[in-house]
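What follows is each chain in one-letter form.
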Amino acid sequence: MTEPTILRASAELRYREELERLRAVDSDQRPAGWRLSPRAVRRFILGDAALDVGRKFYGDDPLVDRAIVTLMGHQGLMLVGEPGTAKSLLSELLSAAISGDSALTIQGTAGTTEDHIKYSWNYALLLAEGPSLRAMVPSPLYQAMVAGRIVRFEEITRCPPEIQDVMISLMSEKQIMVPELGEQARVHAQRGFNVIATANLRDRGVHEMSSALKRRFNFETVRPIRDHDFEVELVMQQVKRDLDGAGLGAQVRVERDIVALLVTTFQELRAGQTREGTAIKTPDTVMSTAEAVNVAYAAALEATYFGNGQLTPREIANQLQGVVLKDNADDLKRVQHYFDTVARERARRDSNWKAFCDAARSLWP
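Computed from a predicted structure; not experimentally measured.

### With respect to the packing of aromatic side chains
- Going through the model one piece at a time under the given rule, you end up with 7 aromatic pairs.
- The ring of phenylalanine 44 carries the charged tip of lysine 56 above its face, separated from the ring centre by 4.4 Å.
- Stacked on the ring of tryptophan 353, the Lys or Arg arginine 346 has its end atom at 4.8 Å from the ring centre.

Laid out in structure tokens, this is it:
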């Protein structure tokens, strides 16, 4: 079991017992270098009630199948989509199930360099002993090649194009050249090695990927959840899990109808249309399921420590500000218009919507 003080354990630690159960009964053929068979990887991610394995990714099940097949082949896997659609989570789950290690990760930023992708040096040892494996600081990708594991490249489009393109030869040739090591200069990738990259659709304008690099990946788009009841259930489960992990599960009451109100608000603002078919302005800020979970959890904490332990629309309205007042000052006007029109109309018939609307009017600037 993981230590209770760990804020967020990696997937291979959080789900270690499930992974062990799956491995114990896994008699299907495994690709070279994989810890589980493709069928067992699928069960780990999408759940298997017979083995008491919970579902961890909610969305397009065939997408998971295609992702697993991609990782068995020569192409890398590129997961794209709006922020908050669980791309990183799916990447982590795939890595944990296939390699038993989801920590081999490169974080793409404007400051990512070629050294972060390939290798660097311990300069004290380099000066004292000269170039050697002992003096080398291998990157996560280098380690994944040597061990035959999956490496994750998060937010790859945030890297400058010349840094992105370092990946072209690495993914084509499946090897890293280290000229400083002389006879040991060539490092070949072992079977099981592959790359899972992620990119937000909103970031495509940051640094567009070259056509050559795109050809090294199969692209899969992770889309937002559209089914209302399904998303409500997902938010409820995640908030309960977070509250239980914080030791607060018995101290706060989270009713389904309050979470449904939150999910309705998020889905309508995300889609730019109410369930009655009225067009509304969509805010620039991300209205994802992940953000809905964050709002619900923060509201539950507020209800626990500043209220009576009962989650109400007031806490939801208050914590919603942290999502809306983030990207664009005009988002405030758009969401206030939602309250003044959509929420106000529903407030005439529903007490929860009335409390939600009244709280927003009194709490929001």
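### Quick notes on the packing of helix 13 (residues 256-271) against helix 15 (residues 313-324)
- It is at 10 Å that the axes of helix 13 and helix 15 come closest, and there the two elements cross at 35 degrees. Along this stretch, helix 13 crosses helix 15, giving a crossing that reads as right-handed. Listed contacts from helix 15 to Ile258, Leu262, Thr265 and Phe266 of helix 13 are Pro313, Ile316, Leu320 and Val323.

### Some details on the sheet that holds strand 9 (residues 217-221)
- Read from one edge to the other, the open sheet built from 5 strands follows the order 2-5-8-1-9, with strand pairing classed as parallel. A single partner strand is all that each edge strand has here, and the edge strands are strand 2 (105-107) and strand 9. Mean inter-strand twist for the sheet, computed between neighbouring axes without regard to direction, equals 20 degrees.
- Strand direction decides the pairing type here: strand 5 (residues 150-154) and strand 8 (residues 194-200), joined by 4 bridges, are parallel. When the sheet's bridge partners are listed, isoleucine 150 is paired in strand 8 with asparagine 194.
- Sitting on the sheet, helix 5 (residues 87-99) is in contact with strand 1 (76-81), strand 5 and strand 8, with an inclination near 170 degrees to strand 5.

### Concerning the nonpolar core
- With 42 residues, the main nonpolar core has Val235, Phe266, Phe339, Phe356 and Trp364 as its most contacted residues.
- Mapped onto this core, the elements with two or more residues apiece are helix 12 (228-245), helix 13, helix 14 (289-305), helix 15, helix 16 (329-347) and helix 17 (351-363).
- Ranked by residue count, the leading element in this core is helix 13, at 8 residues.
- With residues up to four places along the chain from it excluded, the contact list for phenylalanine 339 reads Leu320, Arg344, Phe356, Cys357, Ala360 and Trp364.
- Counting residues in each nonpolar core, the second largest holds 35 residues, with Trp121, Val151, Leu181 and Leu213 among its members.

Rules of the game
- Residues numbered from 1 in each chain as written.
- Predicted model: local features only at pLDDT ≥ 70, side-chain atom pairs only at ≥ 80, totals over all residues.
- Heavy atoms only, no water.
- Phe/Tyr/Trp six-rings, centres within 6.5 Å; stacked < 30°, edge-to-face > 60°.
- Lys NZ or Arg CZ within 6 Å of the ring centre and 35° of its normal.
- Axes fitted to C-alpha atoms, helices over the stretch in contact; angles between N-to-C directions.
- Helix = DSSP H or I, 4+ residues; strand = E, 2+ residues; numbered from the N terminus.
- Left-handed = near helix turned anticlockwise from the far one by under 90°.
- Contact = heavy atoms within 4.5 Å.
- Pairing = 2+ DSSP bridges.
- Core = buried A, V, L, I, M, F, W, Y, C linked by side-chain atoms within 4.5 Å.
- Buried < 20%, exposed > 50% of the residue type's maximum accessible area, 1.4 Å probe, protein only.

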